[in-house]
Structure formats: structure tokens, C-alpha cells
Amino acid sequence: MNDVTSKTYILRLTVTLFLVTAVVALLLSFVNAVTKDTIAEKARQKLSAALCEVMPEADDEFSDPIYDDGSCQVYKATSGGRDLGWCIKYPAFGYGGELTLAVGVSESLEVTGVAIVEHSETAGMGSKADNPDWLSQFVGRSGAFTLKGDGDHIDAVTGATVTSRAVTAGVNGALELAAQIKGGEK
Amino acid sequence: MSITGLISIALSAILIENFILVKFLGICPFLGVSKKMDTAVGMGLAVIFVMGLASLFTWLVNHFLLVPLHLEYMQTLAYILVIASLVQFVEMFLQKSIPTLYRALGIYLPLITTNCAVLGVAVLNTTKGYNLLESVVYGVSGGIGFLVAIVLFASIRERIQFSEHPKAFEGFPIALVSSALLAMAFMGFSGLKIW
Amino acid sequence: MTFKKFLGQMKNGIITENPSLVLLLGMCATMAVSTSLKNGLGMGLATTAVLICSNTVVSLIRKLIPSKIRIASFVVVIAGFVTIVEMLLDAFIPTLSNALGVFLPLIVVNCIILARAESFASKNPPLSSAVDGLSMGLGFTCSLCAMSIIREILGNGTLWGVRVVPSVYEPALLVIMPVGGFLTLGFLIALVQHIKSKHSGGKEEDEQ
């Protein structure tokens, strides 16, 4: 179309676009500075609430993980100085991406509770797994779990096999991690 | 990363989690340019190209710029800028060096900037934590999934023109209802177990 | 701006030129997040907020931006506001930002926003651009809510998470799955076209 290729024109284009981007970036860093702490605090509260839920007898102090590899975190659960076991934050991979599980494991490697901290499963389907009744199937049992269709143990949520399988795999992973920590491997 | 892992990423992007029919990304071009088979093929090829390149460049930007500088919150802004300039650059490059390809794909390229499948694949690569190779594979196969869906759909639409349907369903509604049937067919893949 | 003109613009965005049901813009988000009323309303309001802000700013800077880099600058402005909305949601309503997932950053490429910036805000003064953003946003929200209400009741038997259908009815999961998105939107647009051809003026299309 119009062949305006003179240097000043191109310079003007570049400078304008740069200015627009710079102003927007500045604004973003400002909002980020304001909201950053609230976001981190909210996430921490949510995790600690979930960790308390899966190990009800424990004192509600989960500040320093004894093991942290970026995706999994293990917290020691104690009650008045007595060791109860471990509360584990563990990732699982469902239909809509990553889920974050909180799994409580006792000293004798039995599951004390399972909770879903965060998920992005389809509303009304995968999200049905985020239900205390379903999650309580794991409580008080140990060993590697499998879904009913795949073998035994756990009834899958109707219409959410992928999510059920993901949660089951996550709980198994958390149990294994607890066993390794108990055995002093990690 | 094993080769089977890459194959499973590719298969799930093409069939199980098809970008259009399952993830709802890129619906506008899917409905907009699927009236004729040859335009559909052109758009599909252009999308594969851009999605692959976008995955590559956004990964580089994320790992060498955003993460080291702790600017993860600028992700959306940075990605859309990368994609917009990438599309512009590809357009100029094709025009100068491969004019035949440019004539085939040229008119679709500007549309791709606002194709949410492209930004979508970049964001998904980051949230899924894929490495460079996995990102590119995911991008390219996401594009292939787009091509498969749009080509199937275009051939359906060419027939719809000659069929009778209620007047109220003229145009978009009948297209949406037929894509619902196509999506239903793709649901069959969701049972596909991968390694 | 007079009150009458304000009303006229509102009616235009919500009814006569409803973005998802009449202009057919922003279909991805419409179908993807309308699985429950909570998500639908949240997405609609988030988009409305971005639309109002981006329309106002685009209109303010419309005379300063050379036309060659117009689109690029608009996209940068929009991306900025989307990120701000994202951060605010993360900080104050994390459950919602979690549920909307990848579709929150994708508001950037929602065609409604760029289309309004390009076709309205870049040619009109700030105040009426802001009103245009509000009315288009609300129109989008209305149609999203209509979709969500239908899909949540049929597919899950609930509304706003509360069971409204007697337990005899076994919810049709299909309606919540992607298939249902295409189907519901198809039938809604057909309904709109039907009403339009009857009244040929086309009013009150998306009343549910």
C-alpha cells in the first residue's frame, strides 16, 4: 500500500509501540507488587487447611517441609510433640491438567485422609471427585490402590474415570514417598 | 524423555484432547473458513506452521527471559507480542522467499494472531511444564489436530449446503449442530489408553 | 451523553448486536466455560471489566497511534488489562480463577475485545466507548449465563451448585461435555434467528 519507509517514520512507529509496551509493563509490575503477597498468602492458607483436613489430630503447624522437590512437599505431622506421620502435597494429572492433592499418611503407612487442594477438571464431571464421600474410600487403608475396573479397591466416580485414576495414582505416589522417607531414603 | 512419551503427547493432542472439538480452542477460524475444502486445508497448514513456531519461541522467551528475571506475571503480554511479531515475520519471509507458499497461506496468516489455539498452546505448554522438544511436539500435533478437525468439518459442510434443514438453522446453527456430532465421534477416543 | 443515548447503546450491545448470539464473536469462551452458572457469570464479568478498560484506553490513545501499529498497540493494552484482572482474581477469588483456567489469559484473543477496540473505540470518544464496552460485555455475560443455566440444569441437575431438579431425573452428562457446548449454542442461535425472522425487527432474543 503506502510505501512510507523513511527512517523517521519507522523510528516513530518503533518508539510509539515501545512506549505503549513500557507503560503497560510498568502498570503490571505495580499491580503485581500490590497483589503478590495476597496471592501467596491465600495459596498458603488453602494448602495448610487441606493438610490439616487430611490429618485431623495433628497440630496445625505446617510451615517447614522436611522434603521439597518443587512438585511434592512433605510435612511432618505431630501432635504435642508426638509423631503422627506425614502430610504430603502431591501432584496428579487429570483430564483438565494438573491436580494438587493433600494426602495424610500415618506412621504405619496407612492413609489418614485425602483432599483435593486445587483442580481444573470439568465442572460437574471430574469435579465430582472433589467429594469427601468418594475420597474417604482411601482412609484407613494402605498398599497400592487400583480402581475397580482396573483391578480392585476403589470405585471410580461415574463419568470421571480419568480423574479417579489420576487421584488414585497420586495417592499411591504419596504413599510411596512416605515409605521412602520412613526408610530414610530421602 | 522417551520416544513413547512424545508419541503419547502427540496422539493425545490430535485425537483425545483435540484442540477444537474437546478443548474449544480456535473455534472462530474453525467456523469461519470451513465453508470450502481448499481454504480449510490452507488454514490448517498455516496453523500447524505457526503453532509449532510459537511453541518454540514462547518456550525460549519463557525460559531465557521471563523465568530468570522473575517476570512470570508478564507471560500473557510477552506471548501475545511474540506471536504477533512471529506471524508478521513469517508473512514477510514467505512473501519474499517462497511466493508459491505465500499465495497459498498468505491470506490466513493475519487471522492467526487472534486464533486462540496459538496463544492457548503457548500457555498450556507453560502450565504443563513441557521441555523444549515436548512443547514443539505438542504445538505441531495440536496444529495437526486442528487440520484434521477442520478438514473433516469442511467436507461435512460442503454436503450440508445441498441438504434440507429448518430455516431457523440456516448458516451457523446447523454448522454448530454438525460439529456437535463430530465432537461426539471424537469422544470415542477419550477411552484410548496410552502407555 | 444523554440518558437516552446511553439506553440505546445498552440495548444495542445486549440485544440487537449481542456479541455471541448475533455477531457470533468469542465463541471459544462461550462454549468452553459455560458448564456452570458460576463459571459463566465469572467469565462474563471478567470479560466485561477488560472490555470497559480497554475500550476507554484505546479511545484515549486513538489519535496518538499511527495506523500501522494500531492492532499491535491495542493487543498490548488488552493483554495488560487481562493480566491485571487475572492477578486480582488470583488474589481475591482464587476458586474462580482456578475454574476458568487457561481461558482467563485467553480473554486476550477473545475476538469481541479486539473487534470492539478496532470497530468502535478507535473511532469514538472515551465516554461512549466505555459505555459500548459495558453494553457489549453485559450482552456477552447474558448469553453466557443463558448457556450456563441450560447446561448446568440439564447436565448436572443443579443451578449455582444447588440441586434444582428432582432426583428422579438422571442428569445428561453429555450436555456438560464439549458436545453439549456446540449443541446448546447451535440451538440458541437458531432460536434467535427464528425470533428475528418472525419479528424481522428482532427484539428480546436472549431472554431465558
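See the structure above.
Let me begin by describing the structure that accompanies this report.

**Quick notes on the packing of helix α4 (residues 75-97) of chain B against helix α4 (residues 70-92) of chain C**
With their axes 8 Å apart at the nearest point, α4 of chain B and α4 of chain C run at an angle of 155° to one another. Regarding the angle of α4 of chain B to α4 of chain C, the classification is roughly antiparallel. When the axes of α4 of chain B and α4 of chain C are compared, the crossing they make is right-handed. From α4 of chain B, Thr-76, Leu-77, Ile-80 and Leu-81 of chain B reach across to α4 of chain C, where they touch Val-75, Val-76, Ala-79, Gly-80, Thr-83 and Glu-86 of chain C. Taken together, the residues of the contact of α4 of chain B with α4 of chain C sort by class into six nonpolar, three polar and one charged.

**Section: the environment of Gly-32 of chain B**
One can find Gly-32 of chain B in helix α2 (residues 27-32). Separated by 140 residues in the primary sequence, Gly-32 of chain B and Phe-172 of chain B have C-alpha atoms spaced 9.5 Å apart.

**Some details on the pairing of strand β3 (residues 82-94) of chain A**
Residue and element names in this part refer to chain A. Within β3, ten of the 13 residues are buried, which leaves the element mostly enclosed by the surrounding structure. Relative to β3, strand β2 (residues 73-79) runs antiparallel, the two sharing seven bridges. Bridged to Thr-78 within β3 is Asp-83. What sits between the antiparallel neighbours β2 and β3 is a turn of two residues, in which Gly-80 has the positive phi angle 55°.

**What about the interface of chain B and chain C?**
Between chain B and chain C, the residue contacts involve 35 residues of the former and 35 residues of the latter. The junction of chain B with chain C conceals about 3,000 Å² of combined surface from both sides, 87% of it contributed by carbon and sulfur atoms. Viewed at the interface, chain C and chain B are joined by zero salt bridges. Looking at the side of chain B that touches chain C, the elements with two or more residues in it are α2, α4, α7 (116-128) and α9 (172-187) of chain B. At nine residues, the largest contribution of residues to the side of chain B that touches chain C is made by α9 of chain B. In the side of chain B that touches chain C, the residues fall into 26 nonpolar, six polar and three charged.

**What about the interface of chain A and chain C?**
Facing the 27 residues of chain A at the interface are 26 residues of chain C. Interface area, chain A with chain C, both sides summed: about 2,300 Å², of which 76% is carbon and sulfur. At the surface where chain A touches chain C, the tally comes to zero salt bridges. Linking chain A with chain C are one residue pair in polar contact (both at pLDDT 80 or more), by the criterion used here. Ranked by residue count, the leading element in the side of chain A that touches chain C is helix α1 (residues 7-54) of chain A, at 17 residues.

**Some remarks on the pattern of salt bridges**
Residues and elements named next belong to chain C. Taken as a whole and assessed by the stated rule, the structure comprises four salt bridges over all chains. The salt bridge involving Arg-116 is made with Asp-132; its shortest N-O contact spans 3.0 Å. One end of the pair, Arg-116, is in helix α6 (residues 111-121); the other, Asp-132, is in helix α7 (residues 126-156), with 16 residues separating them in the sequence. The pair Arg-116 / Asp-132 is uniform in exposure class, with both members buried.

**Points about the packing of aromatic side chains**
Scanning the model with the defined rule gives eight aromatic pairs over all chains in all. Geometrically, the ring pair formed by Phe-24 of chain B and Phe-182 of chain C is tilted, given 5.3 Å between the ring centres and 50° between the ring planes. Here Phe-24 of chain B is found in the loop between α1 (3-16) and α2, whereas its partner Phe-182 of chain C is found in helix α8 (residues 178-199) on a different chain. With a relative accessible area of 4%, Phe-24 of chain B lands in the buried category. On the basis of an interplanar angle of 65° and a centroid distance of 5.4 Å, the ring pair of Phe-186 of chain B and Phe-189 of chain B is categorised as edge-to-face. Taking the relative accessible area as the measure of exposure, Phe-189 of chain B reaches 29% and is therefore partly exposed. Ring pairing ties together the aromatic residues Phe-19, Tyr-130 and Tyr-138 of chain B, which thus form one cluster.

Definitions and cut-offs
Residues numbered from 1 in each chain as written. Chains lettered and ligands numbered in written order. Predicted model: local features only at pLDDT ≥ 70, side-chain atom pairs only at ≥ 80, totals over all residues. Heavy atoms only, no water. Axes fitted to C-alpha atoms, helices over the stretch in contact; angles between N-to-C directions. Helix = DSSP H or I, 4+ residues; strand = E, 2+ residues; numbered from the N terminus. Parallel < 35°, antiparallel > 145°, perpendicular 65-115°, else oblique. Left-handed = near helix turned anticlockwise from the far one by under 90°. Contact = heavy atoms within 4.5 Å. Nonpolar A, V, L, I, M, F, W, Y, C, P; charged D, E, K, R; others polar. Buried < 20%, exposed > 50% of the residue type's maximum accessible area, 1.4 Å probe, protein only. Pairing = 2+ DSSP bridges. Buried area = accessible area lost by both parts, 1.4 Å probe. Salt bridge = Lys/Arg side-chain N within 4 Å of Asp/Glu carboxyl O. Polar contact = N/O pair within 3.5 Å; in protein donor to acceptor, adjacent residues only side chain to side chain. Phe/Tyr/Trp six-rings, centres within 6.5 Å; stacked < 30°, edge-to-face > 60°.

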